[in-house]
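Structure at a glance
Below, each chain spelled out in residue letters.
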Amino acid sequence: MDETENETKLKDHINEIVLSDDVQRAIEHVLQSSDPLDQPDFNPTDYINQLFPNEQSLSNIDEVIAKMECDISLIDDNIRSVVRGQVNTGENGRVALREAQQSLTQLFSLITDIKNRAEKTEDAVKEITRDIKQLDSAKNNLTYAITTLNHLHMLVGGVENLKHLSERRQYGEVLNPLQAIIEVNQHFQQYSEISQIQTLSAQVQQIQSELATQITDDIKHFFSPTSHSNTNRMSLAQLKDACLVASVLDKPVKKNILKWYINLQLQEYVQLFHENQDIAWLDKIDKRYAWVKRHLLDFEEKFGTVFPPDWELSERITVEFCTITRDELTKIMARRRTEIDVKLLLFAIQKTANFEQLLDKRFNGTAVEMASEDRERKERHSFHDLIGSCFKPYLDIYTDSIDRELAALIDQFAQQNQQLVVPKEINPGVIPNCADLFVFYKKCMVQCMQLSNEKPMYDLVLIFKKYLREYAARVLEARIPKPQQPSTTTSSISSSMSLLTKDFQNLSSAAGQVIHNFLKEGDTPRFSVEDVRKICYILATAEYCLETVQQLEDKLKEKIEASYVAKVDLADEKDVYHRIISNCIQLLVHDLDTGCEQSLLLMTKIAWHSISNVGDQSGFVNQIVTNLRQTVPVIRDNLANSRKYYTQFCHKFVNSFIPKYINTLYRLRPTSTSGGSSTSTASTLTTSASSSSISDGPNGGMGASGSAVAAAGNIMGCEQLLLDTHSLKTVLMDLPSIGSQVQRKPPASYTKVVVKGMAKAEMIIKVVMQPVHPAPLFIEQYLKLLPESNVVEFHKILEMKNVRKIEQQQLVEGYKRACPQQQQQQLQQHHTISASTGGGSGENESSHPTSSTSDGSSSGASHQSQQIAAAAAAISGAGSSIMALGDSLMDKGRIKKIENLIKNRLPN
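Residues numbered from 1 in each chain as written. Predicted model: local features only at pLDDT ≥ 70, side-chain atom pairs only at ≥ 80, totals over all residues. Heavy atoms only, no water.

Inclusion rule: UniProt positions are given in the numbering used here, feature names are shortened, and annotations may be inferred rather than shown by experiment.
Within an unreviewed UniProt entry, the label attached to the chain reads Vacuolar protein sorting-associated protein 53 homolog, and the organism entered is Anopheles darlingi. What UniProt records for the chain under Sequence similarities (unreviewed entry) is the sentence "Belongs to the VPS53 family."

Concerning the pattern of salt bridges
Oppositely charged side chains can pair when the atoms bearing their charge come close. Condition: Salt bridges, as used here, are contacts in which a Lys or Arg side-chain nitrogen is within 4 Å of a carboxyl oxygen on Asp or Glu. Per the convention used, a helix needs a DSSP run of H or I reaching at least four residues, while a strand needs a run of E reaching at least two, with both numbered from the N terminus. Only protein chains enter the area calculation, which uses a 1.4 Å probe; residues under 20% of their type maximum are buried, those over 50% are exposed, and those in between are partly exposed.
In the structure shown here, the tally under the stated rule is 30 salt bridges. Between Lys67 and Asp71 there is a salt bridge, with its nearest N and O atoms 3.4 Å apart. A residue pair is termed a helical-turn pair when its members lie 3 or 4 positions apart in one helix, as Lys67 and Asp71 do in helix α4 (residues 61–85) at 4 residues. Looking at Lys67, the relative accessible area reads 53%, which means it is exposed. Here the salt bridges do not stand alone but share partners, grouping Asp411, Glu470 and Arg474 into one network.

Some details on the packing of helix α27 (residues 748–769) against helix α28 (residues 775–785)
Put simply, the test is: Axis definition: a line fit to C-alpha positions, over the contact stretch in the case of helices; interaxial angles, taken between N-to-C directions, run 0 to 180 degrees. Relative orientations are named as follows: roughly parallel for angles under 35 degrees, roughly antiparallel for angles over 145 degrees, roughly perpendicular for angles from 65 to 115 degrees, and oblique for any other angle. We call two residues in contact whenever any of their non-hydrogen atoms come within 4.5 Å of each other. Put simply, Ala, Val, Leu, Ile, Met, Phe, Trp, Tyr, Cys and Pro go in the nonpolar bin, Asp, Glu, Lys and Arg in the charged bin, and everything else, Gly too, in the polar bin.
In the contact formed by α27 and α28, the axes pass within 10 Å of each other and the chain directions differ by 175°. Between α27 and α28, the angle falls in the class roughly antiparallel. Between α27, through Met763, Lys766 and Val767, and α28, the contact on the second element is made entirely by Phe778, Tyr782 and Leu785. Partitioning the contact of α27 with α28 into residue classes produces 5 nonpolar, no polar and 1 charged.

Notes on the UniProt feature "coiled-coil region" (unreviewed entry) in the chain
As recorded in UniProt, the feature "coiled-coil region" (unreviewed entry) lies at residues 111–138. Between the C-alpha atoms that bound residues 111–138 there is a distance of 41 Å. The span itself is 100% helix and 0% strand.

Considerations on the nonpolar core
As a reminder of what qualifies: Note on terminology: a nonpolar core comprises buried Ala, Val, Leu, Ile, Met, Phe, Trp, Tyr and Cys residues joined through side-chain atoms within 4.5 Å. For the domains described, the bounds stem from an automatic or database domain assignment.
Tyr471 and Tyr577 are the most contacted members of the largest nonpolar core, which has 195 residues in total. Per element, the largest residue contribution to this core is 13 residues, and it comes from helix α21 (residues 571–605). Residue assignment places this core across two domains, with domain 1 (250–371 + 381–386) and domain 2 (398–482 + 525–582) each supplying three or more. Contact partners of Tyr577, with chain neighbours within four places excluded, come to Leu468, Tyr471, Ala472, Leu476, Ala542, Cys545, Leu546 and Val549.

Here it is, written out as structure tokens:
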């Protein structure tokens, strides 16, 4: 049996044809067939099953077999055709190879023949052109020889001619031959080894030397004071020709003549403005510039056309004047430094800068480049700072004066702001002296740019930084208002007690008003409306300063010298104004938050477990809404030009208020259970009266809380809380536009924060509404509603439900088992906190919800304590009438009722 199977497998293996991947891809590229029979992974069994999927398909098996046989016959024909076609292939290839070899042999012979012919042609051309090259070379040599002889003739004849012309001082006729002889002499330097050439070259050098000495003496003699009566004195025409000849001679000749003449022209200036003369001091610096202007005008009138234009003599005299002036001013300022004040320094700098600008317009700067050895000035070709550089070591006098002026200006601003008055208009803008400060900064920066953009400018940057911080501290931060403690007197208590006696029939509302007034005795200090406007005024000013400081930093980096750019950094000053803005926003948030704290405190006074029906939103919600409507529009109007910071204020407020609201929810006991801890009668009545006083609905549970305490599993308080939470959510969503006629859609980020925070509050209330038993179902609902919760919050919610300690431990264990494994690590981190917060404080709050708060709200004085006790007694005496009102209220359709109330409150 085994042998038969092996033989079958061997036959199958032999029949199977296995091709390589390259061969298979080549076949697919040539055939490009989609027939399953042509596929490399062809499986006969699958193919047959595809053809005959069921028994009914076997009816056409004969047709399939016939088609297969036809295909086989066609393939056989193709194979025979291909095989026969390959019979003559080898012979044809050999024939083609022999023909190719014969063609290559013929081609090689042709190339060899062409090469031989080209070599013969080249030899023939060389033979023809050999005589032509010899003739061309002879022509070049002959031309060079003739040119050299002509130059030699010019040199010999010119030397003799120059001697006679120079002796007769005919400088006009000397100029052209001199230029030609100098050029020819340069040409013969390559033949300097020939004795005759050496002699001629020496004679040319001697003539140049004699001409240089003679022209220099003649020019000095011409300008000598004693030469006016001398008959041998040159004429202006001869002087002009002599200058042209001096230009042709060696450069030192021209340079020495210019140096001597410029010193002669400025000799009077040096003596007149010597450092010991009174006219040399800075207060008369304009007289220096006036002198040189007059002198240049006189020089150009007399000799402007005599000296060659390329000598730039007027500009050279001016450059030398600037150099002498700079050196003289440097010496005299070093000797009399104590006499320099900022006014005198700026006067001298301004006059100098104006003079340098005039010179830049008058001259092209060529002489500056020639006379100065400073590479940087060479690149500029400018008179800028040619004199003014001497003032740079004394610019600290200027920066010190700016420091003093800014100190006085900040003192003035601080005095003005001692009684900061906000303009009456809705959008007051910014504090005016803020703009004055930056106008002064701009003026100083422009002025310093005219003086120097190097170290003095950097010193000015440091001064700017200093007084930006001074302005922030002494003008802005110093004027931020502080909260004012409201005045408290016993008159409010006595007036509240009179409500009990005057209107005993409406006892519940009177009792609520008494407790409300008692709670107000402990109010946290708040800002007045004017103080809120001041804070917004300062915030807008700080924002303006922040934006302007950024512009100032950019402008300083643009203007200052490149090596100081990296040192210009006003980041610390911008942080100061950022801090002021953040502080102002925090104060506004804290003030608004403080106004809501009393409402949240009243929220804890309500006996939520005693509420027997759901009415309109509670009184504490109305108080919060009133607080928001009174405060937020004022802030919005005064921050109309600071929308981003107003939005930031709204963000920070909801981020502060919503967690406080959730923490207040944790302190409430909105449900009553048969196993829960009971409260004393007086405490219950007191909290019930407080609940009545802060409920604004038409049937706001005036006296229904008494019977609700006794009812098992009452969740009316949760329904009322859910309604109140939704009302708060609606108000917070519209907070940015509250009280405004123009309704704007709040930013998406703000809406996300409100929705997420208030959704958690709603989920907490819904969890509290769930029954604890059965425990697995309660935990499942808890994890579904609060998936991001932890053990601490679970403990707090169990406290809200008044669950006994033993049951709490069992529920916590079940909660831990039900939590996902990834959440267990986070729960372990909070285990210690949950052990400390889940116990005593919650128990005290559940068993004494009224007494703990009333202790915190009392002032401590003995007579006030007696009045509070009397009020409680009066309320407890009327307790029977209050409790009688709740007997008719039943626990029916609570969830649907609260849904209807929420729908009715939504805007259409």
